[in-house]
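Structural features, examined
Single-letter residue listing:
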Amino acid sequence: MLDGWLVIFTGPKLIDELRRSPDEELSADEGVAEVLQLRLTLGPGVDDQFHVAVVRDKLTRNLTALYPDVFDEISVSFNEYIPASDDWTEVRIWPIVQKVIARASNRVIIGLPRCRDETYLDVAINFTNDVFASSFLINLFPGFLKPLIGKAVPMVSKNKKKLMPMVIPMLQERQRMMEAHGDDWEGHPRDLLQWLLEEARAKGTPFEHVVEKVLLVNFGAIHTSSGAFTHALYNVAAYPQYIQPLREEIEAVVAQDGWSKASLGKMRKLDSFFKETMRLADGSLLNIFRKAVKDVTLSDGTRIPKGTLVAAASVTAHTDDTRYPEPDVFDPFRFARMREGGVEDAVKHQLVNTSVDFLPFGHGKHACPGRFFAANEIKTMMAYLLLNYDVKFAEEGKRPANIRFGPANLPSTSAKVLFRKRRRDEETNSASRS
C-alpha cells in the first residue's frame with residue numbers, strides 16, 4: 001500500500017496463530033482503526049469500545065425475549081416495502097434490504113417509534129455507507145496526509161451531528177426517569193440504548209459518545225447483514241430448486257413451535273443455506289485485520305515489523321479443498337449434512353460458529369459479538385419471505401455478478417428481483433407432477 005505493507009496470513013496454522021496473538025503484539029483495535037479510519041472521521045471517542053461488551057453480554061442474553069419485536073418489525077417492514085401482489089413485481093432489492101435490516105436492528109437498538117423514523121433510518125444507513133467511502137479515500141493517501149484528508153471528508157461526522165438531536169433528548173429523558181425511579185419504572189426500556197446509557201452513567205461517559213456508539217452498532221448491524229442477506233436472496237432466486245426444501249423445513253418447524261429464537265435453531269437447512277452463501281461470498285476476501293504494535297516473529301520465522309497491517313485470507317480458507325469437497329460449487333445444504341455427525345458436529349457447523357475454515361464473523365475473542373443477533377435476524381427475514389412470497393429473476397437462473405474492488409466482494413446493489421404473493425396451488429400441482 002502507499003504507506004506500508006499489508007501482510008496476508010494463509011492456511012489454518014497461521015490463521016490460528018493470528019487468532020491467538022495477544023493484542024499487545026497484533027492489536028485488533030488498532031487494525032480496525034487503520035482500516036476504517038474512524039479516529040479521523042469521528043474523533044478519539046471511538047477508542048472507548050464499551051458498546052462491544054454491551055452487545056456481547058446484554059444483547060446476546062436477551063435475544064429470546066427480544067425476538068417477538070424483531071419478527072414483528074420484519075413482517076411489518078416487508079409488507080410495507082414489498083406489498084403482496086398476485087402479479088410479479090420487479091423490485092430493486094438492495095435499498096429495501098438495508099431498510100428492513102435497519103428497522104429490525106433498531107427495534108432492538110433504539111425501540112419504537114424511532115426505529116420507523118425515515119430521517120433516523122437514513123442517517124443510520126448513510127453512516128454505514130459513508131464510513132466505507134471515507135476510509136477508502138483516506139487510505140489512498142500516505143500516513144502523513146491522512147489527518148488532512150480526514151478533515152476534508154466530512155460525511156461521517158455529519159451523520160453524527162444529524163443524529164445527536166434525535167438521540168440525546170431520549171438519553172436525557174431516560175436519565176431523568178432513572179434518577180427519579182431507580183432501575184425500575186413502568187415502561188422501562190429494554191433496548192440497547194438503555195444498556196448503553198446505564199454503562200455510560202457508570203463510566204461517566206458523555207452523551208455525545210453514546211451517540212457515537214449507536215452509530216457504530218448500526219454500522220456493524222446494517223453493513224454485514226445487508227450483504228449476507230442479499231447474497232443469499234440472489235442465490236434463492238438463481239437456484240429455485242432449493243426453495244421447496246427450505247419451505248418444507250420452515251413450515252414444519254413453525255407449525256410445531258411458532259416463531260421464536262428456539263424454532264430458528266431447528267431450521268438447519270436454512271442455517272446451512274446462509275453459511276454456504278457466506279462461505280462463497282462473505283463481503284470481503286480478507287478478515288481478522290490486526291496491526292502490529294511491536295515487532296513480532298511468527299512460528300515459521302516470519303518477522304512482522306511494528307506498524308504493519310495484517311489480515312487473514314478468508315477467500316483461500318473458504319475454498320480449501322482439503323476442508324470443503326468441491327469448494328467452488330454452491331452446495332446450500334452442505335453444512336446441514338455436516339451437522340448430522342452428532343452433538344459436537346451439530347454445534348461446530350452452525351452459522352454462528354467461527355473457525356479457521358469459516359471467517360465471515362472473524363475468529364477468536366474478537367469475533368463479531370453481534371453475530372448471534374445478526375444470524376437470527378437474516379434467517380427470520382428469509383423464512384418470512386419464503387413463506388409469503390414467490391421469488392425469481394427475470395432471466396431465470398442467472399445470478400447478478402458481485403461487485404469487486406480491493407478485497408470487497410459485495411452483492412450487486414442495482415439488481416432487481418421479481419416478487420409476487422405466494423401461490424400454493426402451483427406448488428401442489430408441481431408436487432403432483434413430480
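Anyway, here's the lowdown on the structure attached to this text. (Residues numbered from 1 in each chain as written. Predicted model: local features only at pLDDT ≥ 70, side-chain atom pairs only at ≥ 80, totals over all residues. Heavy atoms only, no water.)

**Points about the overall build of the chain**
Convention followed: Under the DSSP-based scheme used, a helix requires at least four consecutive residues in state H or I and a strand at least two consecutive residues in state E, with every element numbered from the N terminus. To be clear on the numbers: accessible area is Shrake-Rupley with a 1.4 Å probe, and residue cover counts the displayed protein chains and nothing else. We count Lys and Arg on the positive side and Asp and Glu on the negative side, and we leave His and both chain ends out. The location of each charge is read from NZ of Lys, CZ of Arg, CG of Asp or CD of Glu.
When you go through the chain residue by residue, the secondary structure sums to 19 helices and 12 strands. Along the first, second and third principal axes, the C-alpha atoms of the chain reach 70 × 60 × 40 Å. Total accessible area computed for the chain in this model is approximately 19500 Å², and 53% of it derives from carbon and sulfur atoms. When the 56 basic and 58 acidic side-chain charges of the chain are each reduced to a single mean position, those positions are 2 Å apart.

**A short note on the environment of Gly43**
Inclusion rule: Buried, partly exposed and exposed residues are distinguished by accessible area as a fraction of the type maximum, computed with a 1.4 Å probe on protein chains only: under 20%, between the cut-offs, and over 50%, respectively.
The topology assignment puts Gly43 in the loop between α3 (38-41) and α4 (50-61). Overall, the relative accessible area of 13% leaves Gly43 in the buried class. Distance from Gly43 to Trp94, taken between C-alpha atoms, is 30 Å for residues 51 residues apart in sequence.

**Considerations on the side chain of Gln98**
Put simply, the test is: Pairs of residues are marked as contacts when any of their non-hydrogen atoms sit within 4.5 Å.
Looking at the secondary structure, you find Gln98 in helix α6 (residues 93-109). Each residue touching Gln98, except ones within four places of it in the same chain, is listed here: Ile125, Asn129, Ile222 and Ser226.

**With respect to the nonpolar core**
As a reminder of what qualifies: Definition used in this section: a nonpolar core is a set of buried Ala, Val, Leu, Ile, Met, Phe, Trp, Tyr and Cys residues joined via side-chain atoms within 4.5 Å.
In terms of nonpolar packing, the biggest core is built from 104 residues, with Phe78, Ile93, Phe229 and Phe419 touching the most fellow members. With 17 residues, the single largest contributor to this core is helix α11 (residues 207-238). Not counting the four nearest positions on each side in its chain, Phe229 is found in contact with Phe78, Val97, Ile101, Phe274, Ile378, Met381, Met382 and Leu385. If you look at the next biggest cluster of nonpolar residues, it comprises 15 residues, including Ile15, Ala292, Leu298 and Val356.

**Overview of unusual backbone geometry**
Following Leu112, the chain continues to Pro113 via a peptide bond in cis, the omega torsion being -5 degrees. With respect to the helices, strands and loops of the structure, Pro113 is situated in the loop between α6 and α7 (118-138). Of note, the phi angle at Glu326 is positive, near 45 degrees, even though the residue is not glycine. By the element assignment, Glu326 lies in the loop between α15 (314-317) and α16 (334-338).

**Thoughts on the packing of α7 against helix α9 (residues 155-181)**
Heads up, the rule is: Here the axes come from fitting lines to C-alpha atoms, over the contacting stretch only for helices, and the angles between their N-to-C directions go from 0 to 180 degrees. Note on angle classes: values under 35 degrees are labelled roughly parallel, values over 145 roughly antiparallel, values of 65 to 115 roughly perpendicular, and the remainder oblique. Put simply, a crossing is left-handed when the front helix is turned counterclockwise from the back one by less than a right angle, and right-handed when it is turned clockwise. All amino acids are sorted into three groups, where Ala, Val, Leu, Ile, Met, Phe, Trp, Tyr, Cys and Pro are nonpolar, Asp, Glu, Lys and Arg are charged, and the leftover types, Gly among them, are polar.
At a minimum axis distance of 8 Å, the contact between α7 and α9 shows a crossing angle of 155 degrees. When the axis of α7 is compared with that of α9, the two are roughly antiparallel. As for how α7 packs across α9, the hand of that crossing is left-handed. Listed contacts from α9 to Thr119, Tyr120, Val123, Asn126, Phe127, Asp130, Val131, Ala133 and Ser134 of α7 are Met155, Val156, Asn159, Lys162, Leu163, Met166 and Val167. A per-class count over the contact of α7 with α9 returns 10 nonpolar, 4 polar and 2 charged.

**A closer look at the sheet that holds strand β3 (residues 89-92)**
Pairing between the strands of a sheet is mediated by backbone hydrogen bonds and can be parallel or antiparallel. Note the following rule: Two strands pair under a simple rule: DSSP has to find at least two bridges between them.
The strand order across the open sheet built from 3 strands is β3-β12-β9, with neighbouring strands paired in antiparallel fashion. Strands with a single pairing partner mark the edges of an open sheet, and in this sheet they are β3 and β9 (389-392). Sheet twist, expressed as the mean angle between neighbouring strand axes with direction ignored, is 35 degrees. Relative to strand β12 (residues 416-421), β9 is paired through 4 bridges, and the arrangement is antiparallel. If you follow Tyr389 over to β12, its bridge partner there is Lys421.

Any functional reading would require information that these geometric values do not contain.
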